[in-house]
Amino acid sequence: MSKNPDGKQIKVGILGATGTVGQRFVTLLAKHPWFTIHVLGASSRSAGKPYTLAVMWKQTTPIPSVVRDMIVRECHPKHFAECAVIFSGLDADAAGDIESAFRSADLAIFSNAKNYRRDPSVPLIQQALQNPPLKKGFIVTNANCSTTGYVIPLRALEKAFGPIESCLVTTMQAISGAGYPGVPGLDIIDNVVPYIGGEEEKMEWETLKILGGIADGDDGVKTFDMHARHPLRVSASCNRVPVIDGHTMCVSVRFQQKPPPSPQQVREALVAYTPEAQSIGCPSVPVHAIFVHEEPDRPQPRLDRYYQDGAGVSVGRVRQCPVLDIKFVVLANNVSIGAATSSIINAELAVLKGVVKVE
Ligand SMILES: NC(=O)C1=CN([C@@H]2O[C@H](COP(=O)(O)OP(=O)(O)OC[C@H]3O[C@@H](n4cnc5c(N)ncnc54)[C@H](OP(=O)(O)O)[C@@H]3O)[C@@H](O)[C@H]2O)C=CC1
Ligand SMILES: N[C@@H](CC(=O)OP(=O)(O)O)C(=O)O
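Rules used throughout
Residue indices follow the written sequence of each chain, beginning from 1 at its first position. Written order determines the labels here, with chains lettered from A and ligands numbered from 1. With the structure being a predicted model, the display of local features is reserved for residues of pLDDT at least 70 and the display and counting of side-chain atom pairs for 80 or more, all residues being used for whole-chain, interface and lining totals. Heavy atoms throughout the structure, all of them, feed into the side-chain values; hydrogens and water do not. UniProt positions are given in the numbering used here, feature names are shortened, and annotations may be inferred rather than shown by experiment. To qualify as a helix, a DSSP run of H or I must reach at least 4 residues; to qualify as a strand, a run of E must reach at least 2; elements of each kind are numbered from the N terminus. Residues count as neighbours in contact if any of their non-hydrogen atoms are within 4.5 Å of one another. Burial classification: accessible surface area is computed with a 1.4 Å probe over protein chains only, and a residue below 20% of its type maximum counts as buried, one above 50% as exposed, and the rest as partly exposed. Contacts described as polar in this section are N or O atom pairs within 3.5 Å, which, within protein, must combine one atom able to donate a hydrogen with one able to accept it, while residues neighboring in sequence count only if both atoms come from side chains.

- Named according to an unreviewed UniProt entry, the protein chain is Aspartate-semialdehyde dehydrogenase originating from Suillus discolor.
- What UniProt records for the protein chain under Sequence similarities (unreviewed entry) is the sentence "Belongs to the aspartate-semialdehyde dehydrogenase family."
- Per UniProt, the protein chain has the following entry under Catalytic activity (unreviewed entry): "L-aspartate 4-semialdehyde + phosphate + NADP(+) = 4-phospho-L-aspartate + NADPH + H(+)".

The structure is reproduced here in structure tokens:
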């Protein structure tokens, strides 16, 4: 078992613990080396019930014994006061007010909900690395699950070859992305739905906020700038497909560097990529963040969505693009690296950087 900097177990709470992302949090945190699940929160429909009765458990492993009899609480800060870290898998309709109340109560929230992603005081995924000037109560958000999945290889490519100038991305997104019960069977079986409300816009601006970095404000306070000075322009097309878990994305990129890297150089850069969070010792970051397939028909969601327990991403079909420079296919587990795992990595970073104080 790895030790956090203080060698103590860290009490954590989960908001939205009964949902699709909440269940993944429960599964991952029940076996986490530093974090101990202390409180579970959900809506008034679930509050007051033991977790086993409140949840419609949809994971392939049993409900962990540590939470089975835990009584689910209302999402009120008073129930979470002893938690050093609070993870949120709240429905976006509820997350705005609840997460704001938790932040005001000086609690540290690591959220999957979209509500605060545009807030310049809120970092998105790896921006949490960069010594954010966070107050005691703060929110760190994940990006959208599709954004996170394809930003990982984009980040690896920028690290190796400098800025990417243009990117076209077409997604084939799993049904679980819409939560439970999600898209009705009659709409999705034998079908593809070429529209997911708000998704394309999120992919287009979140990518810039993540890769664009941190801006210096007039008053010297650093902000996480969604209009960051990054040359990249993204065009996203998002589709829902009859897959349970795992978002597949076809990506084409143009580099600023001329001549651009060859497909073989791109493959090597993706394989060699070590995320910063891994080098500083976050236990949930996989040893190999990106797996590059050589077979022409991979990655596939059914075969590859559990690569590194869902924390890694799979890339395949790296080849020349006759319109931009290089194209490839990415597969990311939307519920793991696209949601719960990313939040957990953000919280691990915050602990290692001393942003979260362990009492
Ligand atoms: N599914 C995915 O792949 C991804 C989801 N996200 C985001 O993560 C969040 C959770 O998504 P997901 O798990 O799919 O959603 P679900 O619908 O499966 O779960 C929603 C959770 O929110 C709780 N909740 C709903 N209303 C309230 C309320 N008024 N007060 C307190 N709790 C409430 C529910 O509790 P109860 O059971 O009691 O109703 C449940 O625990 C969303 O914001 C989503 O956009 C982000 C990335 C990927
Ligand atoms: N909309 C995503 C999941 C999601 O909830 O995204 P966001 O947190 O950006 O609203 C999907 O359907 O797969």
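## Quick look at the UniProt feature "active site" (unreviewed entry) in the protein chain
In step 1: UniProt's entry tags C145 and H247 with the feature "active site" (unreviewed entry), counted in the numbering of this structure. These annotated residues cover 103 residues of sequence, and their C-alpha atoms all fall within 8.1 Å of one another, placing them together at a single site.
In step 2: Note on placement: C145 falls in helix α5 (residues 145–161).
In step 3: In contact with C145, not counting residues within four places along its chain, are H247, N334 and G338.
In step 4: Structurally, H247 is set in strand β11 (residues 247–255).
In step 5: What makes H247 buried here is its relative accessible area of 0%.
In step 6: Not counting chain neighbours up to four residues away, the residues in contact with H247 comprise C145, S146, M172, Q173, A174, G177, R240, V330, L331, A332 and N334.
In step 7: Among the polar contacts made by the side chain of H247, one reaches the main-chain amide nitrogen of A174 at a distance of 2.9 Å.

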